[in-house]
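Chains, contacts and geometry: an overview
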Amino acid sequence: MTHTRAKLIQLLTFIQNRFPNQDILTFSGFMDDRELSVHIISYAKQLCEADKIFLVSVMRDMRVQSEKAA
């Protein structure tokens, strides 16, 4: 599992915890990174504003870390 994929799974896990009656994690294992990103975005749109802000800050940190690593 790449570092990026691990972070994407962490983001999806955060989102999953906001949708307790719906399993959005299980079949994500069959997705490539691009499909997983789209899946995350589609559910992130349904989050409350506070959760969206948190998610954006985490994604921003991921981007900064990947740019430093490059």
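Refer to the structure printed above.
In this report, we go over the structure that sits alongside the text.

Moving on to helix 2 (residues 33–44). Taking 1.5 Å per residue, 12 residues should reach 16 Å; helix 2 reaches 16 Å between its end C-alpha atoms and fits that length. Among the residues of helix 2, those classed as buried are Leu36, His39, Ile40, Tyr43 and Ala44. Down the axis of helix 2, the sector holding all buried residues measures 130 degrees, keeping them to one side. Residue Asp32 occupies the N-cap position of helix 2, its side-chain oxygen lying 3.1 Å from the main-chain nitrogen of Arg34.

Turning our eyes to something else, we now look at the packing of aromatic side chains. Taken as a whole and assessed by the stated rule, the structure comprises two aromatic pairs. Taken together, a centroid distance of 5.5 Å and an interplanar angle of 75 degrees make the contact between Phe19 and Tyr43 edge-to-face. Linking Phe19 in the loop between helix 1 (3–16) and helix 2 with Tyr43 in helix 2, this pair joins segments that are 24 residues apart in sequence. Here the two residues Phe19 and Tyr43 agree in accessibility, since each one is buried.

Another point: the side chain of Gln16. Secondary-structure assignment places Gln16 in helix 1. Judged by relative accessible area, which is 12%, Gln16 ranks as buried. Apart from residues no more than four positions distant in its own chain, Gln16 is found in contact with Gln22, Asp23, Ile24 and Leu25.

Criteria and cut-off values
- Here the residue numbers are simple positions, counted from 1 along each chain's written sequence.
- Totals for whole chains, interfaces and linings use every residue, but because this is a predicted model, local features are given only for residues with pLDDT of at least 70 and side-chain atom pairs only at 80 or more, for both listing and counting.
- Values shown for side chains rest on all heavy atoms present in the structure; no hydrogens or waters enter the calculation.
- Put simply, DSSP marks the helices as runs of H or I at least four residues long and the strands as runs of E at least two long, and each gets a number from the N terminus on.
- A helix's residues, less one, multiplied by 1.5 Å, set its expected span.
- For each residue, the accessible area found with a 1.4 Å probe, counting protein chains only, is set against the maximum for its type, and the residue is called buried under 20%, exposed over 50%, and partly exposed in between.
- Note: the arc covers the axis-to-C-beta directions of the helix.
- Any pair of nitrogen or oxygen atoms within 3.5 Å is treated as a polar contact; in protein, a donor-acceptor pairing is required on top of that, and neighbouring residues in sequence qualify only through side-chain atoms on both sides.
- Think of it this way: a Phe, Tyr or Trp ring, Trp meaning its six-membered ring, pairs with another when their centres are within 6.5 Å, and the plane angle makes it stacked under 30 degrees, edge-to-face over 60, tilted otherwise.
- Two residues form a contact once any of their heavy atoms are found within 4.5 Å.

The values are spatial; any link to function lies outside them.
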